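Structural features, examined
Next come the chains, spelled out residue by residue.
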Amino acid sequence: MSPHAVATSSPARTRDDGAAWWRGRDLLGIHGTPVERWRAILSMARAMSARAVDPGMGGGELAGRAIATLFFEDSTRTKTSFALAAQRLGATVVDLAVAASSVNKGETIVDTAINVEAMGISGMVVRARHSGAAGLVASAVRCPVFNAGDGRHEHPTQALLDALTIAERFGRGDGFDLTGLTVGIVGDLSSSRVCRSNVALLTMLGARVVCVGPASLAPAALRTLAARAELCEVRHELDGVIGSLDAIMMLRVQFERHGEEQKVAGEPAPRATPAIPSLREYRAIYSLTREREGRLKDGAIVMHPGPMNRGLEIDAEVADGPRSVILTQVSRGVAVRMACLAACVGV
Ligand code: NCD
């Protein structure tokens, strides 16, 4: 059992200044960790935002340390931003090229992690398609483990960067109190670890979250992840709620998690799946089209964790339009991951 796994009391806790509590701990999921701990990370990330996008500003919190990235599932933004974050804190990054690793010779994820750690690694970033995989690695190694997405379970750093983006945009960056804001999370909810982590974090910070998706992809149990049940509702049509949203977060239709795909005659690519028998109908009810964008409130923002299926869950013109903060999300991702690495691995 990792000495860092349980988020209750810290052996190194000598003062309660928020970020110090994280030292030596794993960052595995939002759910179950008190909101003050997340506020501490968000404040650090906010303070690091300028450094995050300016390589010249440097900083040596992790000088001489090595951070390993173990991505057993595809990633563009998350992996790159964890690597950049570690480098901007002065660490060396070791990217385990899983395609070329012994996992393909039958080695387990845990064995791979133990062996990588034995080479003198100070922190490990893990993404895998199995829910709970990052927690499993954390229970086997001594260094802090960062969950970069485990199956349909959690993606905590994505929720943190989303919360930071929303807070800054609505002038809530001082205390990260999102009370009074309503965030819609729309689309393939059941496949989405981003949705689960966001329901937990945004409701902890006081926002109302409306999850919108077809019944086949929108489990009512999502409400159980909310800090207070009354702050989260699950709906099945977008048009009735779109005018009440301050932020709308569109989710990718994750075809790869829907099981066997069905080929439906006459459907445009990509193909329909058992959960979405008609892509045309899905688009008609759930897509953020230009027309629907016009029905958002003044000042409402458009978000997407990426990668996007342009033309399916979101129109290209909306993704690139004036309400879109999608690239702000990406750049805040570096700041958030710098804060997480510095808080957990730093001295
Ligand atoms: C998400 C993920 O991997 O969970 N993307 C991301 O991290 N930026 C969402 C997705 O894959 O659709």
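Analysis parameters
Residues numbered from 1 in each chain as written. Predicted model: local features only at pLDDT ≥ 70, side-chain atom pairs only at ≥ 80, totals over all residues. Heavy atoms only, no water. Near = heavy atom within 4 Å. Polar contact = N/O pair within 3.5 Å; in protein donor to acceptor, adjacent residues only side chain to side chain. Areas by Shrake-Rupley, 256 points an atom, 1.4 Å probe, with all protein chains shown as cover. 1 Å grid on protein atoms, 1.4 Å probe; cavity = no way out; pocket = protein on both sides within 12 Å on 5 of 7 lines; lining within 4 Å. Sits in = over half its atoms within 2 Å of the grid points. Nonpolar A, V, L, I, M, F, W, Y, C, P; charged D, E, K, R; others polar. Phe/Tyr/Trp six-rings, centres within 6.5 Å; stacked < 30°, edge-to-face > 60°. Helix = DSSP H or I, 4+ residues; strand = E, 2+ residues; numbered from the N terminus. Buried < 20%, exposed > 50% of the residue type's maximum accessible area, 1.4 Å probe, protein only. Lys NZ or Arg CZ within 6 Å of the ring centre and 35° of its normal. Arc of directions from axis to C-beta. Contact = heavy atoms within 4.5 Å. Core = buried A, V, L, I, M, F, W, Y, C linked by side-chain atoms within 4.5 Å. Pairing = 2+ DSSP bridges. Axes fitted to C-alpha atoms, helices over the stretch in contact; angles between N-to-C directions.

1. Notes on the site of the ligand
- Neighbouring the ligand are R77, T78, R127, H155, Q158, R193, V194, R252, Q254, P305, G306 and P307.
- G306 places a polar main-chain atom, nitrogen or oxygen, 2.8 Å from a nitrogen atom of the ligand.
- The fraction of the free accessible surface of the ligand (320 Å²) that becomes covered by protein chains is 94%.
- Here the ligand occupies the largest pocket.
- When the residues that make up the shell around the ligand are grouped by side-chain class, the tally is 3 nonpolar, 5 polar and 4 charged.

2. Thoughts on the packing of aromatic side chains
- Under the counting rule described, the total for this entry stands at 4 aromatic pairs.
- On the basis of an interplanar angle of 45° and a centroid distance of 5.0 Å, the ring pair of W22 and W38 is categorised as tilted. Of this pair, W22 sits in the segment before α1 (35-52) while W38 sits in helix α1, placing them 16 residues apart in sequence.
- The exposure class assigned to W38 is buried, which follows from its relative accessible area of 0%.
- Ring centres of Y282 and Y286 lie 5.3 Å apart, and the angle between their planes is 40°; this geometry places the pair in the tilted category. Remark: Y286 and Y282 occur in helix α7 (residues 279-286); sequence separation between them is 4 residues, near one turn of the helix.
- On the accessibility criterion, Y282 (4% relative accessible area) is buried.
- Residue class for Y286 comes out buried when judged on its relative accessible area of 6%.
- Feature note: the residues W21, W22 and W38 constitute an aromatic cluster, connected by ring pairs.
- Geometry around W21 places R25 over its ring, the cationic atom sitting 4.0 Å from the centre.

3. Let's talk about helix α3 (residues 109-117)
- Looking only at α3, the buried set comprises V110, T112, A113, V116 and E117. Buried residues of α3, seen end-on, are gathered within an arc of 160° and therefore sit on one face of the element.
- Where the residues of α3 are buried, they touch β1 (66-71), β2 (92-96), β3 (123-128) and α4 (133-140).

4. Section: the nonpolar core
- Residues F146, L160, I185, V199, L202, C211 and L341 are the most contacted members of the largest nonpolar core, which totals 68 residues.
- By residue number, the principal contributor to this core is helix α10 (residues 326-345), which donates 11 residues.
- Contact partners of L202, with chain neighbours within four places excluded, come to A163, I166, L178, V183, A207, V209 and M249.
- V212, V241, F255 and L296 belong to the second largest nonpolar core, which has 26 residues in total.

5. Section: the sheet that holds strand β8 (residues 247-250)
- If you trace the 5 strands from one edge of the open sheet to the other, you get β7-β6-β5-β8-β9, paired in parallel fashion. Each having just a single partner strand, β7 (232-235) and β9 (301-303) make up the two edges of the open sheet. The average angle at which neighbouring strand axes cross in this sheet is 20°, direction not considered.
- As defined by bridge partners, strand β5 (residues 182-186) adjoins β8 across 4 bridges and the pair is classed as parallel.

6. Some details on the sheet that holds β1
- Ordered in space as β2-β1-β3-β4, the 4 strands form an open sheet in which the pairing is parallel. On the outer flanks of this sheet lie β2 and β4 (145-150), each paired with one strand and no other. Pairwise comparison of adjacent strand axes, ignoring direction, gives a mean angle of 15° for this sheet.
- Here β1 pairs with β3 via 5 bridges, running parallel. If you follow A68 over to β3, its bridge partner there is M124.
- Across the sheet, helix α2 (residues 77-88) touches β1, β2, β3 and β4, and the angle it forms with β2 is around 155°.

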